[in-house]
Amino acid sequence: QVQLVESGGSLVQAGGSLRLSCVASGRTFSGYYMGWFRQAPGKEREFVATISRSGGSTYYADSVKGRFTISRDNAKNTVYLQMNSLKPEDTAVYYCAAGPVIATVDKTYLYWGQGTQVTVSS
């Protein structure tokens, strides 16, 4: 079992930046691939970014590529999402997830956090 707790969500103006954090506890953090997903009101949850167990491989949704950066610190059991050049359409609840493979499909992930709200004002 892995418990995930996100933090760092906030209200920010368009063009601004935020860094989300997700701290894991329980089973060995470094044994899991980690992902970030988001869900806007009235929309389905969508993939944002994912990172391999070592941090050496990352993959992004086209909508965030070049603006968001996923990283991890296995010594701190933490995965990050640095979000720059934020747009109003980035407004959503952001979730981190842990799974056995690197993937963009949410059903692949085994454990989920409770989410953190990001609101980008125009």
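Structure's up top.
A brief look at the structure comes next.

Cut-offs used in this document
Every chain's residues receive numbers from 1 upward, in the order its sequence appears when written. In keeping with the model being predicted, local features are shown solely for residues with a pLDDT of at least 70 and side-chain atom pairs are shown and tallied solely at 80 or more, while totals for entire chains, interfaces and linings include all residues. The side-chain figures draw on all heavy atoms in the structure; neither hydrogens nor water molecules are used. Note on conventions: DSSP H or I runs of at least 4 residues are helices, E runs of at least 2 residues are strands, and numbering of each starts at the N terminus. In this description the radius of gyration comes from C-alpha coordinates, and the expected globular size is given by 2.2 Å times residues to the power 0.38. Two residues form a contact once any of their heavy atoms are found within 4.5 Å. Two cysteine sulfur atoms form a disulfide, by the criterion used here, when they sit within 2.5 Å. Buried means the residue's accessible area, taken with a 1.4 Å probe over protein chains only, is under 20% of the maximum for its type, while exposed means over 50%, and partly exposed covers the values in between. In this charge count, Lys and Arg are treated as positive and Asp and Glu as negative; neither His nor the chain ends contribute. When a carboxyl oxygen of Asp or Glu is within 4 Å of a side-chain nitrogen of Lys or Arg, the pair counts as a salt bridge. Pairing of N or O atoms within 3.5 Å defines a polar contact, subject to two protein rules: one partner must be a possible hydrogen donor and the other a possible acceptor, and residues neighboring in sequence count only if both atoms are side-chain atoms. A pair of strands counts as paired when DSSP detects no fewer than two bridges linking them. Lines fitted to C-alpha atoms define the axes here, with helix axes fitted over just the stretch in contact, and angles between the N-to-C directions of these axes take values from 0 to 180 degrees.

## With respect to the overall build of the protein
Counting its regular elements, the protein contains zero helices and 11 strands. Seen in sequence order, the protein has helices and strands lined up from the N terminus as β-β-β-β-β-β-β-β-β-β-β. In terms of C-alpha radius of gyration, the protein reaches 13 Å, essentially the compact-globule figure of 14 Å for 122 residues. The C-alpha extent of the protein, read off along each of the three principal axes, is 40 × 25 × 25 Å.

## Here we look at the environment of Leu18
Mapped onto the elements of the fold, Leu18 is located in strand 3 (residues 18–26). In the structure, Leu18 is positioned 10 residues away from Gly8 in sequence and 7.1 Å away in space, judged by C-alpha atoms. Beyond its immediate sequence surroundings of up to four residues, Leu18 is in contact with Gly8, Ser10, Val12, Leu81, Gln82, Met83, Leu86 and Val118.

## Side note on the state of the cysteines
All told, the structure shown has one disulfide when counted by the stated rule. Two residues, Cys22 and Cys96, share a disulfide whose sulfurs are 1.9 Å apart. With the S-S bond torsion at 45°, the cross-link from Cys22 to Cys96 turns out right-handed. Linking Cys22 in strand 3 with Cys96 in strand 9 (residues 92–99), this pair joins segments that are 74 residues apart in sequence. Cys22 sits in the buried class, given a relative accessible area of 0%. On the accessibility criterion, Cys96 (0% relative accessible area) is buried.

## So, unusual backbone geometry
For Asn77, which is not glycine, the phi dihedral falls at a positive 55°. Mapped onto the secondary structure, Asn77 falls in the loop between strand 7 (68–73) and strand 8 (78–83). On the accessibility criterion, Asn77 (27% relative accessible area) is partly exposed. Located in the positive-phi region is Ser85, a residue other than glycine, with phi close to 50°. Mapped onto the elements of the fold, Ser85 is located in the loop between strand 8 and strand 9.

## Topic: the side chain of Glu6
Within the secondary structure layout, Glu6 lies in strand 1 (residues 2–7). No salt bridge is formed by the buried Glu6; the nearest opposite charge belongs to Arg45, separated by 8.5 Å. Here the side chain of Glu6 touches Gln114 through a polar contact of 3.0 Å, landing on its backbone nitrogen. Ignoring any residue separated from it by four or fewer positions in sequence, one finds Glu6 in contact with Ser21, Cys22, Trp36, Tyr94, Tyr95, Cys96, Gly113, Gln114, Gly115 and Thr116.

## With respect to the sheet that holds strand 8
Strand order in this open sheet of four strands is 1-3-8-7, and the pairing throughout is antiparallel. At either margin of the open sheet sits one strand with a lone partner, and together these are strand 1 and strand 7. Looking at each pair of strands side by side, their axes are set apart by 15° on average, direction ignored. Of the pairings in the sheet, the one linking strand 1 to strand 3 comprises six bridges and is antiparallel in character. Looking at the pairing, Leu4 lines up with Ala24 of strand 3.

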